[in-house]
Amino acid sequence: MASAQGSKTPDLNTVAMLGRAYSLLGFQIVDGVVGAGFPQKPSHSAVFAQIKTEGSRLTDLARGANITPQAMGELVDELEELGYVERRPDPTDRRAKLIVLTDRGRACIAAGISTINGIEQRITEMLGERGQRQLRSLLDRLLAGD
């Protein structure tokens, strides 16, 4: 039931609403990427969001995603099986491996970027240019801790 102010989620606090928005957007991105022919799971975004163009060490990926190296290793194994990444020797340390995107992995990321651009466009259509700028400004303030 909507409140007098038009909210469709009157019983949710702001944190819960942000969590729902995060989850919804994450699933929309995965749906778009899968729809473009790149099967994956939402958890794979932990790798795609962190991996550097030149490749990344597993420990750096795990730290950036705030998960254990073991959990990151499982995600990398899955992505390697799907053909999105490969492990290569790190040229700066013979004992270490770099996780590197394959051509298929780069194409998958491009599909993700295209999907995100589409979502951004829909947000602007829903909120208008001014509303979208206000939303970004408010999110910037929240993320900066102001």
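Residues numbered from 1 in each chain as written. Predicted model: local features only at pLDDT ≥ 70, side-chain atom pairs only at ≥ 80, totals over all residues. Heavy atoms only, no water.

Student: How should I be thinking about a nonpolar patch on the surface in this particular structure?
Tutor: Where nonpolar side chains cluster on the molecular surface, the patch consists of L18, M126, L127, L135, L139, L142 and L143 and spans about 720 Å² of accessible area. For the nonpolar patch, the element with the highest residue contribution is helix α5 (residues 103-144), accounting for six residues. Position of L139 among the secondary structure elements: in helix α5. Classification of L139 by relative accessible area gives partly exposed; the value is 32%. (Patch = residues over 30% accessible without salt bridge, like charges linked within 9 Å, V, L, I, M, F, W, Y side chains within 5 Å. Areas by Shrake-Rupley, 256 points an atom, 1.4 Å probe, with all protein chains shown as cover. Salt bridge = Lys/Arg side-chain N within 4 Å of Asp/Glu carboxyl O. Helix = DSSP H or I, 4+ residues; strand = E, 2+ residues; numbered from the N terminus. Buried < 20%, exposed > 50% of the residue type's maximum accessible area, 1.4 Å probe, protein only.)

Student: What am I meant to see in the pattern of salt bridges here?
Tutor: Side chains carrying opposite charge are able to pair once their charged atoms draw close together. As enumerated under the stated definition, the model contains nine salt bridges in all. Between K41 and E78 there is a salt bridge, with the nearest N and O atoms lying 3.1 Å from each other. Note that K41 is positioned in the loop between α1 (14-35) and α2 (45-48) and E78 in helix α4 (residues 69-81), a separation of 37 residues in sequence. We classify K41 as partly exposed; its relative accessible area is 38%. Among the residues examined, E78 registers a relative accessible area of 25% and is labelled partly exposed. Here E80 and R87 are joined by a salt bridge, their closest N and O atoms 2.5 Å apart. For E80, a relative accessible area of 32% puts it in the partly exposed group.

Student: Teacher, can you tell me more about the packing of helix α3 (residues 58-65) against α4 here?
Tutor: What describes two packed helices is the angle between their axes and the distance between those same axes. Axis separation between α3 and α4 bottoms out at 9 Å; the angle between their running directions is 110°. What the angle tells us is that α3 and α4 run roughly perpendicular. Contacts between α3 and α4 involve L58, L61, A62 and A65 from the former and P69, M72, G73 and V76 from the latter. Taken together, the residues that form the contact of α3 with α4 break down as seven nonpolar, one polar and no charged. (Axes fitted to C-alpha atoms, helices over the stretch in contact; angles between N-to-C directions. Parallel < 35°, antiparallel > 145°, perpendicular 65-115°, else oblique. Contact = heavy atoms within 4.5 Å. Nonpolar A, V, L, I, M, F, W, Y, C, P; charged D, E, K, R; others polar.)

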